[in-house]
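# Coordinate inspection notes
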Amino acid sequence: MIKVVKFGGSSVANAEQFKKVKDIVLSDPARKFVVTSACGKESSEDHKVTDLLYLCEPHVRYGVSYEPLFSLIEEKYQRIKRDLGLTLDLDAEFAKIRGTMKKGMSTDYLVSRGEYLTGLCLAEYLGYSFVDAADVIAFAYNGEIDMEKTEELLSARLPEGGVVIPGFYGSLPGGAVRVMSRGGSDITGSVIANIVGADVYENWTDVSGIYVADPRIVPDSVRVARVNYSELRALSYLGANVLHDDAVFPARSKNIPINIRNTNDPVNRGTMILNDCSELDKDEPPYTVTGITGRKGFTGITLVKNHSTTEVGFFRRLLSVFEDHHVSIEYIPSMVDSYTIIVRSEAVANCLYDIVGWIREKIKPDALMVEEHIALIACVGRGMNHKLGLSGQLLSELGAHGINVKIIELTSDELGIVFGIDDDKFEEAIRCIYAKFIAEEKKESRA
Ligand code: ASP
């Protein structure tokens, strides 16, 4: 059994968290590959090391003293070293980073130092070998991870016993350090799981997996025991943020389950993300709705153009204005001759009136309306497939609570329903769907 375990920033925020990580790793001999993020926030007033490093960069660039910021980072690591009784030469490590900053370094090199230093501390503390991600995670020039090269490098450098590899960065063909997008340590963990053929990729964070509804809205929300990849994609698209999107593919392509776990509650089994849940569902059937998620802040541009359905190329022309303004379109609910184009409000913040003006002039619609402050909610679930009357129940539940549904989208795979309501009804809608589909089913299954 091989497990790749990745710890997020909150799991390594201070010495106390390092101790929890050690207990988790050493309690299972299969946990031989450890990937770490940079130290996260210890408290709400604290700062993530990566954020501080990103802030240092313009100081270096504009010649403003970065020491007040940089010394916060050094103090954090020195404290961890002292509290854990480590012996590594942090003074030399910081001297080297400062030296590079004086000479002028790349942003990627600087911001990768959080993971690098956390990895060094964790390796010593666990008694594992340290393998620098710059030596084993290879990027191609197009910015994608070169899996073949990474496999070659990693296999050549893997020592006997456990290893700690910093997440979030690797190196380009010329040797320069390159970082991934924020939260990228999830990707490193998944890539390593793929290469070493892990049986499971455990992603340790500060929540016990995915919840049916955001616990800030539904405080007693149940945890989702397992989801398949399509459900995960549908849920994370509209807001459930547990895993970096790009972390799915490397594990999925080798059919490696991803287990989201909580470092602060290690006995909780968390959420399993699988290619196919059907076998396990037989013993433990899922709720009809796996997750309810959503986001506020959408804008709908609705236009009516009589006889447009017979006009060849109409859609292409209409949508080209969004492409020209680099705005991606989320949904296009439509009726004969009438279309609503839903976009994120922030995406059109500076170009909404240019787009509307263009449509008015070039498309000459018979009617044109703009509506802001729309919230989209997705109800997702493999159990929703072929459940007769489910959309009806959902709509009547919302209606009973006086929530007006303005948009509704249902795909033919029946994986989910997306609907649009007013922003200010967002929380209430999530709570009433939860009460209808989860709390009631929970009561029934207990009865
Ligand atoms: N430390 C990086 C970030 O804060 C990467 C990661 O944590 O995965 O985004």
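Described in the following lines is the structure provided in the data block. As the structure is a prediction and not an experimental result, all values here were calculated from the model. Per-chain numbering applies: the sequence of each chain, read as written, is numbered from 1 onward. A pLDDT threshold of at least 70 governs which residues receive local features in this predicted model, and a stricter bar of 80 or more applies before side-chain atom pairs are shown or counted, although totals over entire chains, interfaces and linings include all residues. Hydrogens and water molecules were not included; the side-chain quantities draw on all heavy atoms of the structure.

### Here we look at the overall build of the protein
Spelled out, the test is: Numbering goes from the N terminus for both helices and strands, where a helix is a DSSP run of H or I of at least four residues and a strand is a run of E of at least two. For this measure, only C-alpha atoms enter the radius of gyration; the expected value for a globule follows 2.2 Å times N^0.38, where N is the number of residues. Buried, partly exposed and exposed residues are distinguished by accessible area as a fraction of the type maximum, computed with a 1.4 Å probe on protein chains only: under 20%, between the cut-offs, and over 50%, respectively. The contact rule is simple, with two residues in contact once any of their heavy atoms fall within 4.5 Å. Within this scheme the basic residues Lys and Arg register as positive and the acidic residues Asp and Glu register as negative, but His and the chain ends are omitted. Charge coordinates come from a single atom per side chain, which is NZ of Lys, CZ of Arg, CG of Asp or CD of Glu.
Summing up its helical and strand segments, the protein has 15 helices and 17 strands in all. By the compact-globule yardstick of 22 Å for 447 residues, the protein fits well, its C-alpha radius of gyration being 25 Å. Principal-axis analysis of the C-alpha atoms places the extent of the protein at approximately 75 × 60 × 40 Å. Residues counted as buried form 51% of the 447 residues belonging to the protein. Contacts in the protein between residues at least 24 apart in sequence constitute 74% of all its contacts with a sequence separation of at least 6. Looking at charge distribution, the protein has the averaged site of its 50 positive side-chain charges lying 2 Å from that of its 64 negative ones.

### Some remarks on the sheet that holds strand 10 (residues 271-274)
Let me state the cut-off plainly: If DSSP finds at least two bridges between two strands, the strands pair. Under this scheme, a helix contributes an axis fitted over its contacting stretch, all axes are lines through C-alpha atoms, and angles between N-to-C directions fall in the 0 to 180 degree range.
The eight strands lie next to each other as 3-4-2-1-7-9-10-8, forming an open sheet whose pairing is mixed. Looking along the sheet, the strands with just one partner apiece sit at the ends: strand 3 (129-130) and strand 8 (226-228). The strands touched by helix 1 (residues 15-26) are strand 1 (3-7), strand 2 (31-36) and strand 7 (200-205); relative to strand 1, the strand with the most contacts, the crossing angle is about 170 degrees.

### Regarding the state of the cysteines
Put simply, the rule reads: Here, the term disulfide refers to a pair of cysteine sulfur atoms separated by no more than 2.5 Å.
Inspection of the entire model under this criterion finds zero disulfides. The thiol of C39 is not disulfide-bonded; the next cysteine sulfur, from C121, is found 7.0 Å away. Classification of C39 by relative accessible area gives buried; the value is 1%. The thiol of C379 is unpaired, and the distance to the nearest cysteine sulfur, on C432, comes to 9.5 Å.

### Considerations on the site of the ligand
Using the following cut-off: One heavy atom suffices: a residue is near a molecule or strand as soon as one of its heavy atoms comes within 4 Å of it. Residues adjacent in sequence count toward polar contacts only when both atoms are side-chain atoms; beyond that, a polar contact is any pair of N or O atoms within 3.5 Å, and within protein one must be able to donate a hydrogen and the other to accept it. For the area figures, the Shrake-Rupley method with a 1.4 Å probe applies, and any residue is considered shielded solely by the protein chains shown. The pocket and cavity definitions rest on a 1 Å grid over protein atoms only: a 1.4 Å probe that fits but cannot leave marks a cavity, an open set with protein on both sides within 12 Å along at least five of seven lines marks a pocket, and residues lining either have an atom within 4 Å of a point. Each molecule is checked against the cavity or pocket grid, and it sits inside if more than half of its atoms lie within 2 Å of the grid points. Gly counts as polar in this scheme, as do all residues outside two lists: the nonpolar Ala, Val, Leu, Ile, Met, Phe, Trp, Tyr, Cys and Pro, and the charged Asp, Glu, Lys and Arg.
In the vicinity of the ligand, the contacting residues are S37, T50, E115, F168, R182, G183, G184 and S185. One of the side-chain N or O atoms of E115 is found 2.6 Å from a nitrogen atom in the ligand. Backbone polar atom of G183 to an oxygen atom of the ligand: 2.8 Å apart, as the coordinates give it. The fraction of the free accessible surface of the ligand (260 Å²) that becomes covered by protein chains is 91%. Because more than half of its atoms lie within 2 Å of the grid, the ligand is assigned to the largest pocket. Considered class by class, the residues forming the shell around the ligand number one nonpolar, five polar and two charged.

### Some details on the packing of aromatic side chains
Note the following rule: Aromatic rings from Phe, Tyr and Trp, with only the six-membered ring used for Trp, were paired whenever their centres fell within 6.5 Å, and each pair was classed as stacked if the ring planes differed by under 30 degrees, edge-to-face if by over 60, and tilted otherwise. Geometrically, a lysine NZ or arginine CZ counts as sitting over a ring once it is within 6 Å of the ring centre and also within 35 degrees of the ring normal.
By the definition in use, this model includes nine aromatic pairs. An angle of 85 degrees between the planes, with centres 6.3 Å apart, marks the rings of Y66 and F70 as edge-to-face. The same class applies to Y66 as to F70, namely buried. Both rings, one in F314 and one in F315, keep their centres 6.1 Å apart while their planes meet at 65 degrees; by these two values the pair is edge-to-face. Here the aromatic residues Y66, F70, Y77 and F94 are joined through ring pairs into a cluster of three or more. R113 extends its terminal NZ or CZ atom over the ring of Y116, reaching a point 4.3 Å from the ring centre. Positioned above the aromatic ring of F139, the side-chain terminus of R178 is 5.4 Å from the ring centre.

### As for the side chain of S11
Considering the arrangement of structural elements, one finds S11 in the loop between strand 1 and helix 1. With a relative accessible area of 0%, S11 lands in the buried category. Setting aside its immediate chain neighbours within four residues, S11 contacts Q17, F18, V21, W204, T205 and T263.

### Things to note about the environment of I430
Along the chain, I430 turns up in helix 15 (residues 426-446). Separated by 217 residues in the primary sequence, I430 and A213 have C-alpha atoms spaced 7.3 Å apart. Leave out the neighbours within four places in its chain, and I430 touches A213, I217, V218, I292 and I377.

### Thoughts on the layout of surface pockets
Picture a little ball the size of a water molecule; that probe, rolled over the atoms, points out where space is still empty. Which entries qualify depends on this criterion: Grid points are joined across faces, edges and corners, and a volume is the space filled by probe spheres set on the points.
Considering only enclosed or pocket space, the largest pocket measures out at about 1,300 Å³ in volume. If you tally residues by element for the lining of the largest pocket, the top one is strand 11 (residues 291-304), at five residues. Here the lining of the largest pocket is composed, by residue class, of 18 nonpolar, 19 polar and eleven charged.

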